[in-house]
Amino acid sequence: MIDLALLRDEPELVRRSQIARGNAPETVDAAIESDRSRRTALTAFEELRAEQNAFGKTVAKAPKEEKAALVAQAKQLADRVKQAQQAANEAAEAAASALERIENVIIDGVPAGGEEDFVELRRVGDIPTYDFEPRDHLELGEMLGAIDMERGAKVSGARFYFLKGVGARLEIALMNLALDKALANGFTPMIVPTLVRPEIMQGTGFLGEHADEVYHLDKDDLYLVGTSEVPLAGYHKDEILDLDAGAHRYAGWSTCYRSEAGSYGKDTRGIIRVHQFNKLEMFVYTTPADAEAEHDRLVALQEEMLTSLGLSYRVIDVAAGDLGSSAARKFDIEAWVPTQGAFRELTSTSNCTTYQARRLDVRYRPEEGGKTANVATLNGTLATTRWIVALLETHQQADGSVTVPEVLRPYLGGMDVLRPVGWTAGSDADSVVASDAAEQGTE
């Protein structure tokens, strides 16, 4: 939930945020009224319960001949208390429902609007050019024996795949490069659960309007995570953290699952938009005062990764309507994909301020012996399977081979070039493809 004090004291600020996100401003009025009704109902219940407790002492001290009448009155009072408690519970449920419709209040400067209303902050690197017709990542992946979509579909259905050979090695190399980057910058590595309880998924804000994108196991009432942000956000649930020595920084390595509901017909070719992938996610617990500086720090680490891999990219300030309910600000980094002639998202980095921590009750103590307050949480991608798309396409050669960025070579046993299956010196790409197809036909 958002800060109730903010809702009560600065409703116009919350209303402007809702409007910028494309939400109805009336949701703020409904939330304020439901909160008022909740407090009124709770006060009425507590007053009746106090009256009941006091009356109980009167009954206990009363003479024997008066007790029968007093007990009857006590029973009537108990019925009123029960009714008041039910009314308070119903008011609390109604308030929770109304408050759920209030998304995190955006940070000043976030552009208003929807998916296409982002603001481009900067571009880095030259757009690659080729003196040949570039191949897309799937054609390259098949030539390299790195990606097998056909068998992925046979085994698991559409939008599943196998990474094999150099494809599997390339993903592991990316993840290990990212892990070393995280370790060098003070992150604690984590292998996280990929099944979580409903209250954890709800607490991170993933069960709102996009709940249909999350896989649910009905039998066990557990959710498959679409990012290790979810278990890492729940890691310190109901705890008071010591932030005196600085932020708590984690790097969670996990498989991720997304149903991609509503994306029918989008990016169906290759591994851009799939149901399962791997990711190394940065997650930070810090003070609200330090959150924006930490956000910039996470983006800088992502840019260092992409620059070291020789990718051309741009950084965008995501518009309010495309933030998701938890983020108060989000920066995406999009890399150039040559065969699409467009920038495509490789990383997202969100400042969720105190929104998730309030829902999951993660706090810290700003002053020695003082009152606790909610921490701020942030998350950001440091490597994921989709990066393979930009890497293969950006660094491809005319013969279908792919130059390995220097920074990745130590993680690939010193390999500097990925060669097509069946490649020999002097081979041209067409003959390699024909040779590979003949070889696969004999499997």
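Scroll up for the structure.
It should be emphasised that the depicted structure is a prediction, and the values quoted were computed from it without experimental measurement. (Residues numbered from 1 in each chain as written. Predicted model: local features only at pLDDT ≥ 70, side-chain atom pairs only at ≥ 80, totals over all residues. Heavy atoms only, no water.)

1. A look at the pairing of strand S10 (residues 276–286)
The criterion, for reference: Buried means the residue's accessible area, taken with a 1.4 Å probe over protein chains only, is under 20% of the maximum for its type, while exposed means over 50%, and partly exposed covers the values in between. Only DSSP runs of H or I reaching four residues or more are called helices, and only runs of E reaching two or more are called strands; each is numbered from the N terminus. Only when DSSP finds a minimum of two bridges between them are two strands counted as paired.
In terms of residue burial, S10 counts as a mostly covered element, since nine of its 11 residues are buried. As defined by bridge partners, strand S9 (residues 248–257) adjoins S10 across 10 bridges and the pair is classed as antiparallel. From the neighbouring strand, Gly252 faces S10, where its bridge partner is Glu281. In this structure, S10 lies alongside strand S16 (residues 376–384), joined through eight bridges in antiparallel fashion. Across the sheet, the residue bridging to Met282 is Gly380, located in S16.

2. Comments concerning the sheet that holds strand S5 (residues 195–196)
Strand order in the open sheet formed by three strands is S5-S7-S6, and the pairing between neighbours is antiparallel. With one partner strand each, in any of the chains shown, S5 and strand S6 (216–217) form the two edges of the open sheet.

3. Some words on the sheet that holds strand S8 (residues 240–241)
Reading across the sheet, the three strands line up as S8-S14-S15 and stay open at both edges, with mixed pairing between neighbours. Single-partner strands in this sheet number two, and they are S8 and strand S15 (373–374). Inspection of the sheet shows strand S14 (residues 363–364) paired to S15 by two bridges, in the antiparallel sense. Across the sheet, residue Tyr364 finds its bridge partner in S15, namely Ala373.

4. Observations concerning the side chain of Thr227
Here is the rule we go by: For this analysis, a polar contact is any N or O atom pair within 3.5 Å, provided that within protein one partner can donate a hydrogen and the other can accept it, and provided that sequence-adjacent residues contribute only side-chain to side-chain pairs. Residues are treated as being in contact if the distance between any of their heavy atoms lies within 4.5 Å.
When you line up the elements, Thr227 lands in the loop between strand S7 (222–224) and helix H9 (229–234). What makes Thr227 buried here is its relative accessible area of 2%. Among the polar contacts made by the side chain of Thr227, one reaches the main-chain amide nitrogen of Glu229 at a distance of 3.1 Å. A distance of 2.9 Å separates a polar atom in the side chain of Thr227 from a polar atom in the side chain of Lys279. Setting aside chain neighbours within four positions, we find Thr227 in contact with Phe206, Cys256, Arg258, Lys279 and Glu281.

5. Thoughts on a negative patch on the surface
Formally: Exposure above 30% relative accessible area and the absence of a salt bridge qualify a residue for a patch, where like charges join within 9 Å and nonpolar side chains (Val, Leu, Ile, Met, Phe, Trp, Tyr) within 5 Å. Every accessible area reported is derived by Shrake-Rupley at a probe size of 1.4 Å, with residue values counting cover from the shown protein chains alone. One speaks of a salt bridge when a side-chain nitrogen belonging to Lys or Arg is within 4 Å of a carboxyl oxygen belonging to Asp or Glu. Under the convention used here, Asp and Glu are negative, Lys and Arg are positive, and both His and the chain ends fall outside the count. Where a charge lies is defined by one atom per residue type, namely NZ (Lys), CZ (Arg), CG (Asp) and CD (Glu).
A contiguous patch of negative charge on the surface is contributed by Glu199, Asp218, Asp220 and Asp221. Topologically, Asp218 is positioned in the loop between S6 and S7.

6. Quick look at the packing of helix H7 (residues 166–184) against helix H10 (residues 291–308)
Cut-off, in case you're wondering: A fitted line through C-alpha atoms represents every axis, and for helices the fit uses only the stretch in contact; the resulting angles, taken between N-to-C directions, go from 0 to 180 degrees. Note on terminology: angles under 35 degrees are roughly parallel, angles over 145 are roughly antiparallel, angles of 65 to 115 are roughly perpendicular, and the others are oblique. Helix crossings get a hand from a simple test, with the near helix turned counterclockwise from the far one by less than a right angle marking a left-handed crossing and a clockwise turn marking a right-handed one.
The contact between H7 and H10 brings their axes to 11 Å, and the two run at 135°. What the angle tells us is that H7 and H10 run oblique. The crossing of H7 and H10 is right-handed. Contact with H7, carried on its side by Leu174, Leu177, Ala178 and Lys181, involves Leu301, Glu304 and Met305 of H10 and no other residues of that element.

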